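Residue-level listing of the chains:
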Amino acid sequence: MEERLAGLTAAAGVCAAAGFLSWAVRGRSAQVFGPSVWCGPQDRRALALTFDDGPSEGTPRLLEVLDRHRVPATFFQVGANVERLPGVARSVAEAGHTVGNHSYTHPLFSLRSARFIEDELSRAQDSIERHTGVSPQWFRAPYGVRWYGMGAAQRRFNLMGVMWTVIGYDWKLEADAIVKRVAGGVANGAIVCLHDGRELRVKPDIGATIEAVGRLVPVLLDQGYTFETIGRLLCPTNLPNAF
Ligand SMILES: [Zn+2]
């Protein structure tokens, strides 16, 4: 009996450890593998739109939608996509949006070496800096997955991790469903995660994202929200950007 109990206790310990690890890797509030934020201060009616996986061939259309409403956003660019579409990457920065680092090849970082992780962040940082003139201060982990070595890499490049308050699942949902999800999930200080690319895909179809953003922005403006870049959302005393 005692042996059985000991076995059960050990199994429970393993389960708890596995649960902890999965939270540490993917939990939006976890900072085990590196510093990160998942929402801004809740005392102001402000939120931040963030777009991952770009630049893509669809990004210019998204920029038009944001420009029409004079709304700033934060774009977590993938280095390999920046190399493919450097002009699009640059136009994002030139339009006054914030550009962040979303790795070089969009890998899943779990079980990878610290050196691999540092190399991915470093190459993306270089590529973004070379083509946009901006040295990113913000990092979003692909799939939201953090791992051993990420914190050291973030410190080396002075990158703060950014998770999200609400994610649109815009890579698989129709515009209607994306609008419903995001509109239902935002609150003061929300960080909204959407995508202007689809991992490393060439000419991805981001029509649902663009349509959803075109409908969401006026709705949220009507609700009294202002849109801010990540830097300003998290630190309102930062100088206003061009918008
Ligand atoms: Zn991504």
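Look up: the structure comes first, before these words.
Asker: Please give an account of the environment of Ala80 that cites residues and values.
Answerer: Position of Ala80 relative to the elements: it lies in helix α3 (residues 79-84). Using a relative accessible area of 22% as the deciding quantity, one classes Ala80 as partly exposed. Sequence separation between Ala80 and Trp147 is 67 residues, and the spatial gap between their C-alpha atoms is 21 Å. For Ala80, the contacting residues outside a window of four places in its chain are Tyr104 and Leu200.

Asker: Run through the coordination of the zinc ion, naming residues and quoting values.
Answerer: Ligation of the zinc ion by protein atoms is provided by Asp53 (OD), His102 (NE2) and His106 (NE2), these donors lying 2.0 to 2.1 Å from the ion. Of note, the donors binding the zinc ion are all from one chain and are spaced D-x48-H-x3-H. One end of the pair, Asp53, is in the loop between β2 (46-52) and α2 (59-68); the other, His102, is in the loop between β4 (98-101) and α5 (114-132), and 49 residues separate them in sequence. A relative accessible area of 5% means that Asp53 is categorised as buried.

Asker: Before we move on, could you go through a nonpolar patch on the surface and cite the residues and values that matter?
Answerer: There is a patch of nonpolar side chains on the surface, built from Phe20, Trp23 and Val32 and spanning about 290 Å² of accessible area. Along the polypeptide, Trp23 turns up in helix α1 (residues 2-26).

Asker: Explain the pattern of salt bridges residue by residue, including any values.
Answerer: Across all of its chains, the model carries 7 salt bridges by this definition. In this structure, the salt-bridge partner of Arg84 is Glu57, at a minimum N-O distance of 2.5 Å. Highlighted residues: Arg84 in helix α3 and Glu57 in the loop between β2 and α2, separated in sequence by 27 residues. Assessed through its relative accessible area of 28%, Arg84 is described here as partly exposed. Judged by relative accessible area, Glu57 falls into the partly exposed class, the value being 30%. Two residues, Glu83 and Arg130, come together in a salt bridge whose shortest N-O distance is 2.6 Å.

So, how was this worked out
- Residues numbered from 1 in each chain as written.
- Predicted model: local features only at pLDDT ≥ 70, side-chain atom pairs only at ≥ 80, totals over all residues.
- Heavy atoms only, no water.
- Helix = DSSP H or I, 4+ residues; strand = E, 2+ residues; numbered from the N terminus.
- Buried < 20%, exposed > 50% of the residue type's maximum accessible area, 1.4 Å probe, protein only.
- Contact = heavy atoms within 4.5 Å.
- Donors = N, O, S within 2.8 Å, 3.2 Å for Na, K, Ca; no water.
- Patch = residues over 30% accessible without salt bridge, like charges linked within 9 Å, V, L, I, M, F, W, Y side chains within 5 Å.
- Areas by Shrake-Rupley, 256 points an atom, 1.4 Å probe, with all protein chains shown as cover.
- Salt bridge = Lys/Arg side-chain N within 4 Å of Asp/Glu carboxyl O.

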